[in-house]
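Examination of the molecular architecture
Now for the letters of each chain:
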Amino acid sequence: MRPPIVPFRQFVLKVASRCDLACDHCYVYEHADTSWQGRPMVMSDETAVRAADRIAEHAAEHRIPTVHVVFHGGEPLLAGIERLRRFARTLRRAVEGVCDLDLRIHTNGVLLSRAFCDMFADEGVKVGVSIDGDRVANDRHRLYANGRSSYDQVIRAITLLRDHYPHLYAGLLCTIDVRNDPIAVYEALVALRPPRVDFLLPHATWDNPPLRPADRDTAYADWLIKVHDRWRADGRPVPVRMFDSIILTASGGDSQTESLGLRPSDLVVIETDGSYEQADSLKTSFDGAPATGYDVFRHSLSEAAGHPGFAARQGGLDSLSEECRRCPLVTSCGGGLYAHRYRTGSGFANPSVYCADLFRLISHLVAYERRRPAAPVHRLPVATVDAMASGRVTPDDVARLRAPQLSRARLAARRAATVVADEESWSVLVDAERADRSAVDDLLSHPYVRAWATRCATVDPGSLTAADTGHLAAVAAVAAVRTGLAVKVTVPVVQGSVHLPALGRMRAAGENRADVEVHDGSFAVMVGGRWHTEDSGLWEPVRLVDGAEIRLLLDDVDPYRDCYGLPVEDRLTGETAARWSEVIRAALAFLTADQRAAMRDGLCVLTPLSPSAPGATSRGAYGAIALPLGAGPETTARVLVELFHRAQLGALLDLLDLAGGDANHEQLLCDAYGLLSVAALLGEEELERLKETIGRITDAALPATGHRFAAKLAEAVARLPLPAGSLPE
């Protein structure tokens, strides 16, 4: 019995079958397949309509929530503005009410103009551009037929996108030539500030192997390793699909590219004449390699999906050669790109012609990740560390701790996005960051956004729930609200609600997922067939507590606030929330001006716990404190101060190894530091416990920095008066 088909989710529409450049490394016109010569120069409206209907039919049959369509060529801009506009509208009409449409175009850029971009903005089409690096690298291959350079036109196109249409800018594609300087190529690409970079190994087979200067077996790996190491040293300034995919698959996730990993291919090409074809890369293998014999006029996409050529790319490990199946890196490599395995006589039952390169590259990236997990370098002055050891935290200290915490939050978000592999939502975040980076930084620094990202980035990907993976879309929606973007995303319904971090939740009982539409800084959620805004009775916002010049969020709805190991309270009634807010305001008024100033910079969220619970902080949710309900203002003030200081020490421990990696010693440091911050309120018994804890720390086996910090703590404790006082005015 034939195994079930893998439905298509990615559709490449060849809207033009000619090109205005004569790139000598082009797989369409310069390799074995010559089928382009007999096809129409542009796709007709009739073919576009049939293709759109087939895509909608396929999505409905297989309940596909989002289809990804790319206008391609040749050079797709040769189809013209109005034809492309009609095609975009045809596709949207066809899938309306069936699924969402992610529509993109990939171009060489030389024809891109404001008129094209205005149309793409109207029709929701994102734009990717091919460029091979700096001028020297790009002009090695990407030339006009008369030998003239295309570089200036391409840079003009990318600059137009980046500076005037950033919401359309989808990324850059660079084909590698090992004769080019890898660092010059990297620097040129990063300077264009793309939302993503794709590096493409030049298409080759065992019959027509790639260029290898001086017969270097791993020339392509060596080139990419230089780029990777510089990219990591720079703090990963832009996502690189190849590197991210290797890191992700090495930890059990799915690849983001068909050239790596064991994920079944779900891509089909629809040519200008309506023919269904396999991936374009097969054109490098032999004449007619991508052909299926099916087309949009006579066959459904499900029929095409049953073609042996597609099935051969969906068998995972079992479809690979014996040599590949024995390889320890096969889950990351996946045998390499299918086309690159071809050899006359044995077909595709071979390792990739880039096998040695892939083995070296993957091994290097995995080893690098183990040695040096990505994290920006932050340093604290010794004077700051000594000052903190005195038991007091100033606003300047908090500012120096907050910067690395932001870096950690951004890194956790990037890793989470890699695991979740929701490119559409990540693209919204990138667009939002271009519009207002500080607003996105503020969102990513929200304690419970970070708690979610840390979970996604650190647990076994197989243990993530649909709520975990879908939350990136909710984060993206809030980023759009904060930066004024116009987007529409689909988010999961968790515990009967749509959760928008830092904003609130919309009750949506009975739904599994819901659309969120954002426009001009406001949002609406589709629940029960109707759009609901912040004015709806279903909306439960995060409340604000303003007091003593400190503005805090009272968050009792975020699904990731449950990060303290203690039972958190669910949505407070209006009366309870008002009463607790008054207690918080009164507690803040008890604090000194210096304490309030420090908290203003380092505390943004309070979450209520049950009355019987102690207060708590979480290292993975910097900026939040969980407080029990029911305590009076003075007790609440003491708990606030103690927990706030513990949180700052936790942030310091993220930067400095004060405890030699010993969790028990870290706990002792945190306990002592918290008690020291409220020493004026301690009774004799608590003061004795503080001094005992300090003694245990100073006697412990600590690194030099830890001993210095513990000694400063001991000096601060020795200066304490014996009687307990009251909280300073």
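For the structure, see preceding data.
Residues numbered from 1 in each chain as written. Predicted model: local features only at pLDDT ≥ 70, side-chain atom pairs only at ≥ 80, totals over all residues. Heavy atoms only, no water.

**Here's the deal with the overall build of the chain**
Counting its regular elements, the chain contains 25 helices and 20 strands. Relative to the 2.2 N^0.38 estimate, which gives 27 Å for 729 residues, the radius of gyration of the chain is 29 Å and therefore close to what a compact globule would have. Dimensions of the chain, computed from C-alpha atoms along their principal axes, come out at roughly 95 × 60 × 55 Å. Across the 729 residues that make up the chain, the buried fraction comes to 56%. Of all intrachain contacts in the chain linking residues separated by at least 6 positions in sequence, the fraction that spans at least 24 positions is 71%. Carbon and sulfur atoms provide 50% of the accessible area of the chain, an area that totals close to 29,900 Å². (Helix = DSSP H or I, 4+ residues; strand = E, 2+ residues; numbered from the N terminus. Rg over C-alpha atoms; globule rule 2.2 N^0.38 Å. Buried < 20%, exposed > 50% of the residue type's maximum accessible area, 1.4 Å probe, protein only. Contact = heavy atoms within 4.5 Å. Areas by Shrake-Rupley, 256 points an atom, 1.4 Å probe, with all protein chains shown as cover.)

**Here's the deal with the sheet that holds strand β18 (residues 550–554)**
Spatial strand order, β17-β18-β19-β20: four strands in an open sheet with mixed pairing. Every interior strand has two partners, whereas the edge strands, β17 (543–547) and β20 (624–628), have only one. For this sheet, the mean inter-axis angle between neighbouring strands, taken without regard to orientation, is 35°. When strand β19 (residues 605–609) meets β20, the two strands line up parallel, connected through five bridges. Residue pairing in the sheet places T607 in a bridge with A626 of β20. (Pairing = 2+ DSSP bridges. Axes fitted to C-alpha atoms, helices over the stretch in contact; angles between N-to-C directions.)

**A few points about helix α8 (residues 241–250)**
Burial runs high along α8: nine of the 10 residues are buried. Tucked into the core, α8 has its buried residues touching β6 (197–200), α7 (219–233), α12 (330–333), α13 (355–371), α15 (395–420) and α16 (423–435).

**Overview of unusual backbone geometry**
Residue G74 is reached from G73 by a cis peptide bond, and omega for that bond is 20°. Although it is not a glycine, R193 sits at a positive phi angle of roughly 50°. The topology assignment puts R193 in the loop between α6 (182–191) and β6.

**Describing the sheet that holds strand β16 (residues 539–541)**
The strand order across the open sheet built from three strands is β11-β12-β16, with neighbouring strands paired in antiparallel fashion. The open sheet has two free edges, formed respectively by β11 (497–500) and β16, since each of these has just one partner strand. Sheet twist, expressed as the average angle between the axes of neighbouring strands with direction ignored, equals 15°. Of the pairings in the sheet, the one linking strand β12 (residues 504–507) to β16 comprises three bridges and is antiparallel in character. Bridge pairing in β16 links R505 to E540.

**Topic: the packing of α7 against α13**
Running from amino to carboxyl end, α7 crosses α13 at an angle of 20°, the nearest separation of the two axes being 8 Å. The angle between α7 and α13 falls in the class roughly parallel. For α7 against α13, the interelement crossing comes out right-handed. Facing α7, whose interface residues are A219, Y220, A221, D222, L224, I225, H228, D229, R232 and A233, α13 presents D357, R360, L361, H364, L365, Y368 and E369. Classifying every residue of the contact of α7 with α13 by side-chain character gives nine nonpolar, two polar and six charged. (Parallel < 35°, antiparallel > 145°, perpendicular 65-115°, else oblique. Left-handed = near helix turned anticlockwise from the far one by under 90°. Nonpolar A, V, L, I, M, F, W, Y, C, P; charged D, E, K, R; others polar.)

**Remarks on the side chain of R162**
Structurally, R162 can be placed in helix α5 (residues 151–164). One polar contact links R162 to D163, side chain to side chain, over a distance of 2.8 Å. Here R162 is in contact with Y169, A191, L192 and R193, once residues within four sequence places are set aside. (Polar contact = N/O pair within 3.5 Å; in protein donor to acceptor, adjacent residues only side chain to side chain.)

**Comments concerning the pattern of salt bridges**
Two side chains that carry opposite charge are able to pair once their charged atoms sit near each other. Scanning the entire structure with this criterion turns up 50 salt bridges. With a shortest N-O distance of 3.8 Å, R193 and D163 are connected by a salt bridge. Taken together, the residues R193 in the loop between α6 and β6 and D163 in helix α5 connect sequence positions 30 residues apart. For R410, the salt bridge identified is with E433, shortest N-O distance 2.6 Å. Within this pair, whereas R410 is found in helix α15, its partner E433 is found in helix α16, the two being separated by 23 residues in sequence. Here E433 falls in the partly exposed class, since its relative accessible area comes to 24%. The network of salt bridges with common partners includes E82, R85, R89, D122 and E123. (Salt bridge = Lys/Arg side-chain N within 4 Å of Asp/Glu carboxyl O.)

**Structural notes on the side chain of D558**
For D558, the location among the structural elements is in the loop between β18 and α20 (574–590). Here D558 occupies a buried position and makes no salt bridge, while the nearest side chain of opposite charge, R561, is found at 6.3 Å. If sequence neighbours within four positions are ignored, D558 has contacts with H446, Y448, P501 and A502. (Lys, Arg positive; Asp, Glu negative; His and termini not counted.)

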